[in-house]
Amino acid sequence: MSALDDKSTDASASGGTADPGSQDSPKDKGGLAMLITFIIGLVGSLVVGWVVFPKVLYSTREQPIQFNHALHVEEAGGCDSCHYFREDGTFAGVPTLDACVDCHESAIGDSEEEAKFVENYVEPGIEVPWLVYSRQPDCVFFSHAAHVKKAGMDCVTCHGPVGESTSLKPYQENRISGYSRDIWGYDISGIFKKHEWDSMKMDDCARCHERETGSKGACFQCHK
Ligand code: HEC
Ligand code: HEC
Ligand code: HEC
Ligand code: HEC
Ligand code: HEC
């Protein structure tokens, strides 16, 4: 990215200073050359920044098995049959096999995904290593109780319509930080952020805190 930028500024600088006091036509040519190099440089940087950079920055991993939220919300009843608060107020998060075995002790249907699930995880008693899109780095403290129970917020606000989805999107991992792409979001600049759930960076948490509680909060509130 920077290499391209350098090239465009070098080229446009020399285009602009090539003929300081000469007649009109070479001057126009210089101006045109400068404009063209500028446009090439600009387009080049945009392509690198918006298309190439994200492709290089993120590696894609598939989930171990597919999961259909819409189907299961109907079969199992509300979200809290799987995502519940424990007695001590902590949030159980992604369900363990306990939440599945009552129905999937053996295969119910004849889908390939279910067969894979029963054979590889339920029968040998191995937890599914789900890749969690929203997971924050270890240094961040987040409490579902404070947001869902105390502040009465809906899951959709921060996670989007996950509960209505019928399949899992591929998980994208940031090669530098190791975080999920959902933390920084698909639009790194943040200019086109439409929904709260589009990204969940430090700024995103702080922005809502300022709006809802009047203060961005101290570092130790969110960092252990
Ligand atoms: C039958 C159990 C079950 C029910 C019911 C259920 N979920 Fe889930 N949920 C899962 C499993 C399994 C995962 C992990 C796989 C995944 O990411 O979808 C998960 C993951 C999630 C995640 C985390 C996604 C991430 O990786 O960050 C959210 C958010 C979520 N569910 C919301 C909901 C909502 C909202 C409802 C109710 C409308 C709901 N779930 C109902 C089983 C369930
Ligand atoms: C209340 C019963 C119930 C519970 C609890 C339940 N499931 Fe299911 N599950 C079903 C039914 C019904 C189907 C559809 C089977 C069919 O007709 O193919 C299904 C299908 C599936 C499939 C195949 C989906 C596909 O796209 O082909 C997977 C994988 C699965 N469940 C995983 C899970 C996991 C993981 C859990 C625990 C977090 C879980 N289920 C909990 C009832 C349940
Ligand atoms: C204020 C925003 C917010 C709300 C509201 C919210 N979540 Fe989350 N959720 C998060 C964040 C942030 C994480 C990542 C936490 C971490 O990694 O420490 C997360 C993580 C999760 C996870 C993965 C936990 C794990 O194993 O790492 C699940 C599942 C989940 N949320 C489900 C839900 C459900 C269901 C609801 C509604 C009852 C809900 N969330 C409401 C922000 C929210
Ligand atoms: C959409 C709004 C919203 C977003 C996004 C949000 N929060 Fe909050 N958060 C709140 C509100 C409202 C409270 C105050 C809850 C209360 O005490 O009534 C709060 C409280 C907290 C608290 C204090 C909990 C306590 O024990 O008092 C922590 C810590 C926190 N948030 C961390 C985070 C982190 C980390 C993120 C981002 C990953 C985040 N929040 C994203 C709205 C939000
Ligand atoms: C409202 C919650 C919140 C507050 C307050 C907050 N942070 Fe953060 N911080 C986060 C979250 C969430 C992340 C991870 C996502 C990201 O990188 O933006 C993060 C990431 C960071 C990181 C990068 C760590 C890494 O491993 O990538 C540093 C450094 C940091 N915060 C420092 C601070 C300092 C210093 C303060 C006080 C001025 C502060 N934070 C206040 C939520 C918060």
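Note that the coordinates shown come from a computational prediction; the quantities given were computed from them, not determined experimentally.

*Asks:* Is there a simple way to explain the overall build of the chain in this structure?
*Replies:* Secondary structure summary: the chain contains ten helices and two strands in total. Taking all 224 residues of the chain together, 4% fall into the buried category. In the chain, 62% of the contacts between residues at least 6 apart in sequence involve partners at least 24 apart.

*Asks:* Explain the site of ligand 1 to me, please; I cannot follow it from the model alone.
*Replies:* Taken together, 21 residues sit near ligand 1, with Cys 79, Cys 82, Ser 134, His 159 and Gly 163 positioned nearest. At the level of elements, α3 (69-76) and α7 (155-159) are the ones that each hand at least two residues to the shell around ligand 1. Looking at which element gives the most residues to the shell around ligand 1, the answer is α3, with four residues. Taken together, the residues of the shell around ligand 1 sort by class into 14 nonpolar, seven polar and no charged.

*Asks:* Hey, could you run me through the environment of Asn 68 in this one?
*Replies:* Within the fold, Asn 68 resides in the loop between β1 (58-61) and α3. Using a count of 16 C-beta atoms within 10 Å as the deciding quantity, one classes Asn 68 as partly exposed. Put simply, Asn 68 and Ser 165 are 97 residues apart on the chain and 6.5 Å apart in space, counted from C-alpha to C-alpha. Aside from chain neighbours lying at most four places away, what touches Asn 68 is Thr 166 and Ser 167.

*Asks:* Would you mind going over the site of ligand 3 with me for this structure?
*Replies:* Close to ligand 3 lie 19 residues, the nearest being His 83, Gly 93, Gln 136, Cys 155 and Cys 158. Counting residues per element, the shell around ligand 3 draws most heavily on α7, at four residues.

*Asks:* Where do I start with the environment of Ala 206 in this structure?
*Replies:* Relative to the elements of secondary structure, Ala 206 occurs in helix α9 (residues 202-213). Overall, Ala 206 belongs to the partly exposed group, with 15 C-beta atoms counted inside 10 Å. When the C-alpha positions of Ala 206 and Ala 218 are compared, they lie 9.8 Å apart, and in sequence the two are twelve residues distant. With near-sequence residues (within four places) excluded, Ala 206 lies in contact with Lys 216 and Gly 217.

*Asks:* What am I meant to see in the confidence of the model for the chain here?
*Replies:* Fine structural detail should not be taken from predicted coordinates in areas where pLDDT scores are low. On average, residues of the chain score 87 in pLDDT, and 88% of them are at 70 or above. Model confidence for the chain, summarised as mean pLDDT per element, is weakest for helix α1 (residues 2-17) at 43 and strongest for α7 at 97. Here residues 1-22 is modelled with pLDDT under 50, and outside its nearest four sequence neighbours on either side it reaches 30 contacts, counting other chains as well.

Reading the values: the criteria
Residues numbered from 1 in each chain as written. Chains lettered and ligands numbered in written order. Predicted model: local features only at pLDDT ≥ 70, side-chain atom pairs only at ≥ 80, totals over all residues. Helix = DSSP H or I, 4+ residues; strand = E, 2+ residues; numbered from the N terminus. Buried ≥ 20, exposed ≤ 12 C-beta atoms within 10 Å, placed from the backbone. Contact = placed C-beta atoms within 7 Å. Near = placed C-beta within 6 Å. Nonpolar A, V, L, I, M, F, W, Y, C, P; charged D, E, K, R; others polar. pLDDT = per-residue confidence, 0-100.

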